[in-house]
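# Working through the structure, step by step
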Amino acid sequence: MRKYLIFVFAFFCVSSLFAGFGEGFSAYCKTSGSLKEGLFEVYFPPIYIAPGPDPTVTQIVAQVAVKLSPEEYARAKEELARRNKELAEAEKRVQKLKEEYDEEALEYAEMRYKQAKSKCNELSAKIKSADLWNEEQKNKAKKKVEKPKITETHKAEPGKYFRLRDVMKEASTAVMMMNFLGDDAVTNHFPWPDASIKVYVVNDKAVYKKLKTKSPVICPVENICMDKKGREVLAYIDYKLTNNFQAAFNYIVCGQAFDEFMEAVAFKEAAGDVVRVGYCAEHAKLNVVTTVDGDYDLPVLEEKKLFLASQMIDPSAIESRERCLYYLRQAKAFTKPLMDLGDSEFTTFLKNAKGGNSRMRRNFELIRLPKEWGDGFDTFCMRLHEQAFLPLTKSK
């Protein structure tokens, strides 16, 4: 235990000396907004140019052009003139009754006034729509060049627009809920102290690509990365990535916690890639591949493209987003039976697993699978295709 405590102390000391993403972020963003929530201290640009109109500003409904025949247009004008006279008389009537304090008659007079005003507004709008239609026809006749459409945008605070506080709150909870946190061997390491991880949020793809670290061999999250010391996160976010940003952020942070747990009690790669990816994705609720260009998703997988169990256990580098999505979903299906054994047995498996991908067969001797999965590693692998992978090819 003393050796482990020394390791943790040294780890934090080295982390504090590492510049990480902070220096690059400061060059990109001279002044930034910030917030603290749970495990995280977050920095983000002060302004985000969001698509669409400003939701805090009352929007004016656009006028719709409506065609009226000359006869209809003339009748509408005549009726509007008549209604305007009625409105003026109704207004005088209301004013007179107010001066006479005749409340009973006033109530009825005000009702008639509102009806007259409503009808006048309705007719005015009808005439304006007809005028607009006539104007459009004149422009078409003159072959007037139509102006290009202007995409409307508005300025927003990134922290509020992307609900970063809520994201950090849920990610903090996700780490706290990881199954192995109750293990006595790591109580001095988890949970991390509040504000112990700095998060730098950028909205510029070029800046993100310049600052980001190299991705692992298999990584379903391309728009978020950890620094080498695991105490700083760089995240790219825009309006197209909001649906799965929470799950992607959870995956990255839970992955770091998983690695630190394995370093503390065994070896970083002891449990193997499929268990790490499957466990972290299941815990983070990640089911898509997130990229700087948008989320990559498929409703179902194709049977002919599924990985074999042997390929899941000992994967090569995966660069295709489609193949990464297949690996992600199949890894979740592979790992779920192990997680279903219960927190205690799954944690014991993680602690005692050794040798990573190449020793998966030997590591399976550490667990007792339910009967439906067979009596050992070979039977488990044979049944994976039918019981775990094939259901991924069927819509729910």
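Structure shown above.
This report concerns the structure included in the present document. (Residues numbered from 1 in each chain as written. Predicted model: local features only at pLDDT ≥ 70, side-chain atom pairs only at ≥ 80, totals over all residues. Heavy atoms only, no water.)

## Some words on the packing of aromatic side chains
Keep this limit in mind: Whether two aromatic rings pair depends on their centres lying within 6.5 Å, for rings of Phe, Tyr and Trp, where Trp uses its six-membered ring; planes under 30 degrees apart make the pair stacked, over 60 edge-to-face, and the rest tilted. A run of H or I in DSSP becomes a helix once it reaches four residues, and a run of E becomes a strand once it reaches two; helices and strands are each numbered from the N terminus. For the exposure calls, accessible area comes from a 1.4 Å probe over protein chains only, and a residue counts as buried if that area is under 20% of its type's maximum, exposed if over 50%, partly exposed in between.
Enumeration over the complete set of coordinates arrives at 18 aromatic pairs. Aromatic pair Phe 364 and Phe 377: ring centres 5.3 Å apart, planes at 70 degrees, arrangement edge-to-face. Taken together, the residues span a long stretch of sequence, with Phe 364 in the loop between helix H13 (360–363) and helix H14 (377–389) and Phe 377 in helix H14 at a distance of 13 residues. A relative accessible area of 6% means that Phe 364 is categorised as buried. Take Phe 377: its relative accessible area is 13%, and that puts it in the buried class. Ring geometry for Trp 373 and Phe 380: centres 5.3 Å apart, planes at 50 degrees, overall tilted.

## Here's the deal with the nonpolar core
The criterion, for reference: Put simply, buried Ala, Val, Leu, Ile, Met, Phe, Trp, Tyr and Cys residues joined by side-chain atoms within 4.5 Å make one nonpolar core. The contact criterion used throughout is that any non-hydrogen atoms of two residues lie within 4.5 Å.
If you look at the biggest cluster of nonpolar residues, it comprises 96 residues, and the most contacted ones within it are Phe 40 and Phe 249. Here this core gets twelve residues from one element, more than from any other, and that element is helix H8 (residues 242–265). Filtering out sequence-adjacent residues up to four positions away, Phe 249 remains in contact with Phe 40, Val 167, Met 168, Ala 171, Val 199, Ile 224 and Val 233. If you look at the next biggest cluster of nonpolar residues, it comprises seven residues, including Ala 76, Ala 116, Cys 120 and Ile 127.

## A few points about the sheet that holds strand S7 (residues 232–236)
Let me state the cut-off plainly: For two strands to count as paired, DSSP must find a minimum of two bridges between them. A fitted line through C-alpha atoms serves as each axis, taken over the contacting stretch for helices, and the angle formed by two N-to-C directions is quoted from 0 to 180°.
With mixed pairing, five strands are arranged side by side in an open sheet as S1-S2-S5-S7-S6. Of all strands in the sheet, those bounded by a partner on one side alone are strand S1 (33–37) and strand S6 (224–226). Between one strand axis and the next, the sheet turns by 20 degrees as a mean value, whatever way the strands run. In terms of strand pairing, strand S5 (residues 197–202) meets S7 through five bridges, oriented parallel. From the neighbouring strand, Tyr 200 faces S7, where its bridge partner is Leu 234. Strands in contact with H8 are strand S2 (40–44), S5, S6 and S7; relative to S6, the strand with the most contacts, it is inclined by about 15 degrees.

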